[in-house]
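Listed below, chain by chain, are the residues.
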Amino acid sequence: GQQVMQIPQYQHVQEGEDFTTYCNSSTTLSNIQWYKQRPGGHPVFLIQLVKSGEVKKQKRLTFQFGEAKKNSSLHITATQTTDVGTYFCAGRGNTDKLIFGTGTRLQVFP
Amino acid sequence: EAQVTQNPRYLITVTGKKLTVTCSQNMNHEYMSWYRQDPGLGLRQIYYSMNVEVTDKGDVPEGYKVSRKEKRNFPLILESPSPNQTSLYFCASSFRGQSSTDTQYFGPGTRLTVL
């Protein structure tokens, strides 16, 4: 069945450093969503990408959808302590089902 | 305020004692679902519902039941809980669900411990 993997599982960075998490699907995706979950909180929608090669930015966050629509990435420039949390990708494949990735937990040290 | 609510937020119970976790949304969403979150496994879908009286299994439905008698409510039922159902549970809703590009709105979560 369809699988969505994320790497790395954990990432510790110094405040001000950049951070990237990668999402890879075993099948072609119709779209991909990104969510952020703060410690002790619930997942909150960040963005959705639909088109092949699409790039979207939200302030210091840059989201990309691969040309083959099988992978995606989230890049944070100059991390801040407020970026701490777990970032999930979620993709819709040929079954039209939304499959969540395993998540990347980001820790930012001041 | 648009929101998804879950109750209880925390629950400790014993093996075999039936329990229900309630979920309610006030956004008139057709689609609702339940997920469990476990370390290293991300969010796994338990059951989902496309509309009233329409429910279907997700990836990990064993040991769970659901019902959708009203549009706003989607309770999760554990008839005979076992320790491997100890987890963090999230309810989520969206307008059109799986065949659309609508986002999922998550409830605050229910942390369940089965002894």
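Relevant structure appears above.
Residues numbered from 1 in each chain as written. Chains lettered and ligands numbered in written order. Predicted model: local features only at pLDDT ≥ 70, side-chain atom pairs only at ≥ 80, totals over all residues. Heavy atoms only, no water.

**Student:** Is there a simple way to think about the nonpolar core in this case?
**Tutor:** Taken as a class, soluble globular proteins show a tendency for nonpolar side chains to be buried jointly. Residues and elements named next belong to chain A. Grouped together as the largest cluster of nonpolar side chains are 21 residues, with contacts concentrated most on Trp 34 and Phe 63. At the level of elements, strand 3 (19-25), strand 4 (31-37), strand 5 (44-49), strand 7 (61-65), strand 8 (71-76), strand 9 (85-92) and strand 11 (104-109) are the ones that each hand at least two residues to this core. Apart from the residues within four sequence positions on either side, Phe 63 is in contact with Trp 34, Leu 46, Ile 47, Leu 49, Glu 54, Val 55, Lys 56, Gln 58, Ser 73 and Leu 74. (Core = buried A, V, L, I, M, F, W, Y, C linked by side-chain atoms within 4.5 Å. Buried < 20%, exposed > 50% of the residue type's maximum accessible area, 1.4 Å probe, protein only. Helix = DSSP H or I, 4+ residues; strand = E, 2+ residues; numbered from the N terminus. Contact = heavy atoms within 4.5 Å.)

**Student:** Is there a simple way to explain the interface of chain A and chain B in this structure?
**Tutor:** Interfaces are often sized by the accessible area lost when the parts come together. In this complex, chain A contributes 19 residues to the contact, which on the side of chain B involves 23 residues. A buried area of about 1,600 Å², summed over both sides, lies between chain A and chain B, and 51% of it is on carbon and sulfur atoms. In terms of surface lost to chain B, no three residues of chain A exceed A:Arg92, A:Lys97 and A:Phe100, which account for 30% of the buried area on that side. The interface formed by chain A and chain B holds zero salt bridges in total. The interface formed by chain A and chain B includes two residue pairs in polar contact (both at pLDDT 80 or more). (Buried area = accessible area lost by both parts, 1.4 Å probe. Salt bridge = Lys/Arg side-chain N within 4 Å of Asp/Glu carboxyl O. Polar contact = N/O pair within 3.5 Å; in protein donor to acceptor, adjacent residues only side chain to side chain.)

**Student:** Just to check I follow, could you spell out the packing of aromatic side chains for this structure?
**Tutor:** In this structure the tally under the stated criterion is 12 aromatic pairs over all chains. Seen from their ring centres, B:Tyr64 and B:Tyr89 are 5.9 Å apart, and the 65° between their planes marks the pair as edge-to-face. Residue B:Tyr64 is located in the loop between strand 6 (54-57) and strand 7 (65-66), and its partner B:Tyr89 is located in strand 9 (residues 87-94); the two are separated by 25 residues in the primary sequence. Relative accessible area serves as the criterion here: at 1%, B:Tyr89 is assigned to the buried category. Look at B:Phe90 and B:Phe106: their rings are 6.1 Å apart centre to centre, the planes differ by 85°, and that puts the pair in the edge-to-face class. Highlighted residues: B:Phe90 in strand 9 and B:Phe106 in strand 10 (residues 105-106), separated in sequence by 16 residues. Grouping residues by exposure puts B:Phe90 and B:Phe106 together as buried. Three or more aromatic residues joined by ring pairs form one cluster here, namely A:Tyr35, A:Phe45, A:Phe88, A:Phe100, B:Tyr35, B:Phe90 and B:Phe106. (Phe/Tyr/Trp six-rings, centres within 6.5 Å; stacked < 30°, edge-to-face > 60°.)

**Student:** Whenever I open this one, unusual backbone geometry confuses me. Can you help?
**Tutor:** The phi angle of most residues is negative, glycine excepted, and most peptide bonds adopt the trans form. Cis rather than trans, the peptide bond between A:Ile7 and A:Pro8 has omega equal to -5°. If you trace the backbone, A:Pro8 turns up in the loop between strand 1 (4-7) and strand 2 (10-14). A cis amide bond, omega -5°, links B:Asn7 with the succeeding residue B:Pro8. With phi around 55°, A:Lys69 is a residue other than glycine that occupies positive phi space. One can find A:Lys69 in the loop between strand 7 and strand 8. Residue A:Lys69 is classed as buried on the basis of its relative accessible area, which comes to 19%.

**Student:** Which parts of the structure should I look at to understand the state of the cysteines?
**Tutor:** Cysteine pairs can be linked by a disulfide, which is a covalent bond between their two sulfur atoms. Throughout the structure, instances matching the rule amount to two disulfides over all chains. Across a sulfur-sulfur distance of 2.0 Å, A:Cys23 and A:Cys89 are joined as a disulfide pair. In this structure the cystine formed by A:Cys23 and A:Cys89 twists about its S-S bond by roughly 75°; its chirality is therefore right-handed. Note that A:Cys23 is positioned in strand 3 and A:Cys89 in strand 9, a separation of 66 residues in sequence. For A:Cys89, a relative accessible area of 0% puts it in the buried group. Residue B:Cys23 pairs covalently with B:Cys91 via a disulfide, S to S 1.8 Å. Between B:Cys23 and B:Cys91, the S-S dihedral sits near -70°, and the bridge is therefore left-handed. (Disulfide = S-S within 2.5 Å.)

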